[in-house]
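Overview (structure and organization)
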Amino acid sequence: MRPSRPLFALIAGAGLGLIHLSVAIDVEWLSLSPGQSSLPPTIRIVLSLAALCALIRIWLSAASLKLALAIGLMGGAGYYGVSLYWLGHAFLAPDEIYSTKAFFGEAASMLLFVPWWVAAMGFATVVRPLLAAQSSIAAALLWSVSMSIADTLLADIAYQIPLAPIASVLIDTPYDALISGFGILGANFILLAFAACLTCLLLNPSAYAVGALIASTVVPLVAPAPRLLSSPKGQAPVVSVVQPAGEQRIRPTYFDRASWMADLERGVRDAAAVHPSVIVLPELSLPYDPALEMETDDLQALLEAVPQGTALLFGYYSTEFDDETFSSMNRMVGWQQGREVMAYDKAHLVPFGEFVPAPLADLGFPVLTGPSSGLSSGQKIATWTLDTLPPFSVLICYEALLTGAVWRETTDAEWLINATSEVMLRDTLGPYLNLQYTRIRAVETGKPIFRAAATGWTSIIDSDGSILAALPREVAGTLSNVIPDRRLTFFTVAGYYPLYLSWVACLLIIAILGQRARRKVGREYAGRGRLI
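What this report covers is the structure whose coordinates are included nearby. (Residues numbered from 1 in each chain as written. Predicted model: local features only at pLDDT ≥ 70, side-chain atom pairs only at ≥ 80, totals over all residues. Heavy atoms only, no water.)

Some thoughts on the side chain of Asn-188
Topologically, Asn-188 is positioned in helix 8 (residues 177-203). Of the polar contacts made by the side chain of Asn-188, one reaches the side chain of Asp-151; its length is 2.8 Å. Polar side-chain contacts of Asn-188 include one of 2.8 Å to the backbone nitrogen of Ala-167. (Helix = DSSP H or I, 4+ residues; strand = E, 2+ residues; numbered from the N terminus. Polar contact = N/O pair within 3.5 Å; in protein donor to acceptor, adjacent residues only side chain to side chain.)

Right under this line is the structure:
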């Protein structure tokens, strides 16, 4: 095995990971405002394509399955070693600095993702001779399909987190219409396939000149549709989101209940000044289950701060007892006129963060947050209506990252609420990256999103993904706005079915190219036989 190839894969993967982080680095490290950038978005796209072309070229040179697996291992390690470095910091206690413990936390996170890169490149290597994909264009397309399938399996079936959301570089460019047309996973595949075409052009310019000409004309085919009014006639409802910016019970040693509840009450009173239709508090904003502590002065004071007719949404860990066992849920509820009018238990839990898969739980692996036994999940993301508000769905924390679940389970909603904590991620790049992923949901669905975070990046996101207003980390405050109009997107209608059809079409093209290559070789051998 030539060690240079896996090493180059490591460098290319690390470059791709750095490009992915660059948006958050601009804001968190360079103190630029959201939407500003030290690196133009179009340059990010070019650099991403260059890194992908390098990975494809390195894989094409793999002469054995062993080498292909090594390339996948090193490429994945480079990508996630950079793009997940901040996650290791979240494993530290609040008073700890970045240490070797953070490195091991990052390494543990990488174990969840890197094997998918290895499997994708190994699968492409095994299937390549079966489809007779000997030409570079057929092999490169096969690599793109394999990586896209692994991405979709991981993002929509396994952990429900995209394997490599490289299409996030399309945000804030005209090409983000590819996301509203085909979703983040579809846009990922388009970039992968485009990089495959560019790689082949570089390898053999004359043979692929026509294909390169076609590929270079790729532009967003699905332009943003005319906006459709989603609010009822009359005065548009106003929604307020609150960022207390205090400590939360996720760090119980550092939690001060009285101060936290005072921060919440102050935020609610500030929001009440504009008489909104609904005030949204963050995930787990209440540090106890009100069903178990019925007479609490701090909750009563919070509810009394809400204007007449305004709904208050807040979250807490709900506990239900059944004989000698109990179950806990991450719950968001809505109160109006002194009574509970809606309740939603988080349906999609964070793997290892809120639950541990059964085989690993049996081995004693603990969850990272919440009750030690893990949480129980609800049925699915629900859609609610309150008075004159258009139908909406509540996404609790991690659910805003789930492209497939949001597409399937919020079809009747016209706008979205994302209630999140972000406390565990502290002062890392994570909260801002999660904001970026939430913006992708707005671009995909064409639905505005009101995001209430406990400690950072509370925001109001328009239906095109643009940030109308935002509160940075560790700044207490409230944001209020009328509900922006919803817009139609092709993705909300077709979902990921075009992506699945694209895989089939590419595999058919690869098979046809392979058959032609076989026939050409057969004719050459037949011609040599006649000459002899």
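Having put the structure on the table, let's press on.
A few points about the packing of aromatic side chains
According to the stated counting rule, one finds 15 aromatic pairs in the structure shown. On the numbers, 4.8 Å between centres and 90° between planes, the contact of Tyr-79 with Tyr-80 is edge-to-face. Aromatic pair Tyr-432 and Trp-457: ring centres 4.9 Å apart, planes at 70°, arrangement edge-to-face. Of the two residues, Tyr-432 is situated in helix 14 (residues 430-445) and Trp-457 in the loop between strand 10 (449-453) and strand 11 (458-461); the sequence distance between them amounts to 25 residues. Given a relative accessible area of 1%, Tyr-432 falls into the buried group. (Phe/Tyr/Trp six-rings, centres within 6.5 Å; stacked < 30°, edge-to-face > 60°. Buried < 20%, exposed > 50% of the residue type's maximum accessible area, 1.4 Å probe, protein only.)

Things to note about the pattern of salt bridges
As enumerated under the stated definition, the model contains nine salt bridges in all. In this structure, Arg-439 engages Asp-172 in a salt bridge whose closest nitrogen and oxygen atoms are separated by 2.6 Å. With a gap of 267 residues between them, Arg-439 in helix 14 and Asp-172 in the loop between helix 7 (136-158) and helix 8 connect regions that are remote in the sequence. Ionic pairing is found between Glu-474 and Arg-473, a salt bridge with its closest N-O pair at 3.8 Å. Classification of Arg-473 by relative accessible area gives partly exposed; the value is 23%. It is possible to trace a salt-bridge network through shared partners that takes in Glu-320, Arg-331 and Asp-345. (Salt bridge = Lys/Arg side-chain N within 4 Å of Asp/Glu carboxyl O.)

Description of the environment of Ile-449
Relative to the assigned elements, Ile-449 resides in strand 10. Relative accessible area serves as the criterion here: at 0%, Ile-449 is assigned to the buried category. In this structure, the C-alpha to C-alpha distance between Ile-449 and Leu-416, residues 33 residues apart in sequence, is 4.7 Å. The contacts of Ile-449, once residues within four sequence positions are left out, are Leu-416, Asn-418, Thr-438, Arg-441, Ala-442, Ser-459, Ile-460 and Ile-461. (Contact = heavy atoms within 4.5 Å.)

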